[in-house]
Amino acid sequence: REIMDKQKILLVNLSKGKTGEMNAKLLGLIIVAKLQMAAMSRADLPQDQRKDFYLYIDEFQNFLTDSIAVILSEARKYGLDLTIAHQYIGQLSKPNDTAIRDAIFGNVGTMAVLRVGAEDSEFLAKEFAPVFSAFDLTNVPAYTANLKLLIDGTSSRPFRIDLPLPAKGDNLLVDSIKRLSSLKYGRARELVEIEIADRARAVNEPPKEIIEQTM
């Protein structure tokens, strides 16, 4: 909640190579749920004071959870904005369960589609008919996208736009920002690990009355 309200940036590295596949998935699900809870707790703030917080989830298919459906349908009024990245639409469905996929497409107003595969084009063609067909969606030129806007609650006629290439970043500036952030908000890893060990020890220790009974 503090990160959201004070417009800080939280980066969470859940690389499967470093944390393991199951650990990465479990941590991701917990963090998404905690962010949703933090956003919902903003109900105690007037709506005009809820500063937007942007949540970006890469490899989204690894974190499919009911929290996502709630964020899509309810969290916008609490200032939580969601951007998700994945490879194809089929990843958004579990066996016999399309709730999350349906929540995503049911809440999306503006849609920009770059070149997609044949299966995805069949699904998306309904959104862009009658201007663009499934064939058009699979044959989009490089650096262009098909776009459908939501304007005043009404969908616009689909059209195609050119996408300018982003400017090159400054790696020296990136390193400086990392160092500044580490000095301002960081803590020594050794101290954090000691805290974690103390908490784990406190959780695993039996209650005092049990110790006394077993002595």
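This text goes with the structure placed above it.
Quick caveat, the model's predicted, so the values are computed rather than measured. (Residues numbered from 1 in each chain as written. Predicted model: local features only at pLDDT ≥ 70, side-chain atom pairs only at ≥ 80, totals over all residues. Heavy atoms only, no water.)

1. Some thoughts on the pattern of salt bridges
- Taken as a whole and assessed by the stated rule, the structure comprises 12 salt bridges.
- The partner of D5 in a salt bridge is R1, and the shortest N-O contact between them spans 2.5 Å.
- Overall, the relative accessible area of 25% leaves D5 in the partly exposed class.
- In this structure, the salt-bridge partner of R101 is D102, at a minimum N-O distance of 3.5 Å.
- A relative accessible area of 21% means that R101 is categorised as partly exposed.
- For D102, a relative accessible area of 41% translates into the label partly exposed.
- It is possible to trace a salt-bridge network through shared partners that takes in R1, D5, R42 and D44. (Salt bridge = Lys/Arg side-chain N within 4 Å of Asp/Glu carboxyl O. Buried < 20%, exposed > 50% of the residue type's maximum accessible area, 1.4 Å probe, protein only.)

2. Remarks on the side chain of D120
- Structurally, D120 is set in helix α6 (residues 118–128).
- Salt bridges are absent for the buried D120, whose nearest opposite-charge side chain, R101, sits at 8.7 Å.
- Ignoring anything within four residues of it in the chain, the contact list for D120 reads Q87, Y88, I89 and G90. (Helix = DSSP H or I, 4+ residues; strand = E, 2+ residues; numbered from the N terminus. Lys, Arg positive; Asp, Glu negative; His and termini not counted. Contact = heavy atoms within 4.5 Å.)

3. Re the environment of E127
- Within the secondary structure, E127 sits in helix α6.
- Given a relative accessible area of 25%, E127 falls into the partly exposed group.
- Considering only alpha carbons, one finds E127 and P158, 31 residues apart in sequence, at a separation of 8.8 Å.

4. Some thoughts on the pairing of strand β2 (residues 80–84)
- Bridge count for strand β1 (residues 53–57) against β2 is 5 bridges, and the pairing is parallel. Residue pairing across strands places L55 opposite L82, the latter belonging to β2.
- Following the backbone out of β1, through helix α4 (residues 66–74) and into the adjacent parallel β2, one traces a crossover that is right-handed. (Pairing = 2+ DSSP bridges. Right-handed = clockwise from strand over helix to strand, strands pointing away.)

5. What about the pairing of strand β4 (residues 144–148)?
- Most of β4 is tucked away: 5 of the 5 residues are buried.
- On β4, burial covers both faces: T144, N146 and K148 on one face and A145 and L147 on the other are all buried.
- One ladder, built from 4 bridges, connects β4 with strand β7 (residues 159–162); its direction is antiparallel. The residue bridging L147 from the neighbouring strand is F159, located in β7.

6. So, α4
- Among all positions in α4, only S67, I68, I71 and L72 are buried. Projected onto a plane normal to the axis of α4, the buried residues spread over an arc of 135 degrees and lie on a single side.
- Of the surrounding secondary structure, the elements contacted by the buried residues of α4 are α3 (21–40), β1, β2 and α5 (99–107). (Arc of directions from axis to C-beta.)

7. Examining unusual backbone geometry
- P130 follows A129 through a cis peptide bond whose omega is 0 degrees.
- Tracing the backbone shows P130 in the loop between α6 and α7 (134–138).
- One non-glycine residue, Q7, lies in the positive phi region at around 55 degrees.
- Look at Q7 and you get exposed, because its relative accessible area is 54%.
- In this structure, Y143 is a non-glycine residue whose phi angle is positive, near 65 degrees.
- Residue placement: Y143 occurs in the loop between α7 and β4.
- Residue Y143 is classed as exposed on the basis of its relative accessible area, which comes to 54%.

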